[in-house]
Amino acid sequence: EAGVTQSPRYAVLQEGQAVSFWCDPISGHDTLYWYQQPRDQGPQLLVYFRDEAVIDNSQLPSDRFSAVRPKGTNSTLKIQSAKQGDTATYLCASSRTGGYERLFFGHGTKLSVL
Amino acid sequence: GDKVKQSPSALSLQEGTNSALRCNFSIAATTVQWFLQNPRGSLMNLFYLVPGTKENGRLKSAFDSKESYSTLHIRDAQLEDSGTYFCAAEAFGSWQLIFGSGTQLTVMP
């Protein structure tokens, strides 16, 4: 069984540039999460989906960040105008049933904003 | 304050020794998961716990929901156990996992 797949692995941007991250969850997992992990901290939830629906995006900076999962499978997280404070690893995770199930992570995208 | 507080923040061990990591919760945690993040950044799920204990090889974990804590015991530490260990709790009524800040473990030969 394939794991959670993310791309790209690394991204380096200048402030003000846009970037998109892509995630393919484990087949059959209906719940998909995007986490932000700043250096030397634990992952912090940005947004999560059940199928194609956003369940909670209250931690997503809505002025510059957006996330979609149009067919309830793959997902894209986009930063419109990156800031230096966005420098972090962006992790995608998936699980079945959205709770009370093990969470599996992709390897992450390491973003540096200069 | 921290809803999920991990201790210690860092730990160094000699190969072959034992250690215990701890998480204290200030939320009503219903389930706990433990993860190991390797130096390349990949997070591996070690345990999913409801109140009780689980064991897998040299690892053993316990979750006491009444006393609001969880522990991870590593027996006979090996070099490949090095990395950052995170615990994460699912709060009652929520499907979100709240992560601690991690314990950075270094196993030395």
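Preceding block: the structure.
Keep in mind the model is a prediction, meaning the values are calculated, not measured.

A. Up close: the layout of surface pockets. Empty space within the largest pocket amounts to approximately 800 Å³. As for the largest pocket, its lining consists of 32 residues, and the residues nearest its centre are Gln37(A), Pro38(A), Arg39(A), Asp40(A) and Gln37(B). Within the residue set of the lining of the largest pocket, elements represented by two or more residues are strand E9 (88–95) and strand E11 (109–113) of chain A together with strand E1 (4–7) and strand E9 (83–91) of chain B. With 4 residues, the single largest contributor to the lining of the largest pocket is E11(A). A class-by-class count of the residues in the lining of the largest pocket yields 7 nonpolar, 18 polar and 7 charged. Of the pockets and cavities examined, the second largest pocket occupies roughly 390 Å³.

B. Representation of the sheet that holds strand E3 (residues 19–24) of chain A within the structure. All names here are of chain A. On the basis of which strands lie adjacent, the open sheet formed by 4 strands has the order E1-E3-E8-E7 and antiparallel pairing. Only two strands of the sheet have a single partner each, and these edge strands are strand E1 (5–7) and strand E7 (65–68). Across the sheet, the axes of successive neighbouring strands diverge by a mean angle of 15 degrees, strand direction being ignored. Where E3 meets strand E8 (residues 75–79), 5 bridges bridge the pair, whose relative direction is antiparallel. The residue of E8 that forms the bridge with Ser20 is Lys78.

C. Layout of the packing of aromatic side chains. Counted under the stated rule, the structure contains 11 aromatic pairs over all chains. With 5.5 Å between their ring centres and 85 degrees between their planes, Phe105(A) and Phe35(B) make a pair best called edge-to-face. Placement of the pair is Phe105(A) in strand E10 (residues 104–105) and Phe35(B) in strand E4 (residues 29–37), with the two residues belonging to separate chains. Of the two residues, Phe105(A) and Phe35(B), neither departs from the other in class, the shared state being buried. Consider the rings of Phe35(B) and Phe99(B), whose centres lie 5.5 Å apart with planes at 35 degrees: the pair is tilted. With a gap of 64 residues between them, Phe35(B) in strand E4 and Phe99(B) in strand E10 (residues 97–99) connect regions that are remote in the sequence. Judged by its relative accessible area of 0%, Phe35(B) is buried. Here the aromatic cluster, defined as three or more aromatic residues joined through ring pairs, consists of Tyr33(A), Tyr35(A), Tyr48(A), Phe105(A), Phe35(B), Phe86(B) and Phe99(B). Over the ring of Tyr69(B) we find Arg22(B), and its NZ or CZ is 4.1 Å from the ring centre.

Rules of the game
- Residues numbered from 1 in each chain as written.
- Chains lettered and ligands numbered in written order.
- Predicted model: local features only at pLDDT ≥ 70, side-chain atom pairs only at ≥ 80, totals over all residues.
- Heavy atoms only, no water.
- 1 Å grid on protein atoms, 1.4 Å probe; cavity = no way out; pocket = protein on both sides within 12 Å on 5 of 7 lines; lining within 4 Å.
- Points joined across faces, edges and corners; volume = space filled by probe spheres on them.
- Helix = DSSP H or I, 4+ residues; strand = E, 2+ residues; numbered from the N terminus.
- Nonpolar A, V, L, I, M, F, W, Y, C, P; charged D, E, K, R; others polar.
- Pairing = 2+ DSSP bridges.
- Axes fitted to C-alpha atoms, helices over the stretch in contact; angles between N-to-C directions.
- Phe/Tyr/Trp six-rings, centres within 6.5 Å; stacked < 30°, edge-to-face > 60°.
- Buried < 20%, exposed > 50% of the residue type's maximum accessible area, 1.4 Å probe, protein only.
- Lys NZ or Arg CZ within 6 Å of the ring centre and 35° of its normal.

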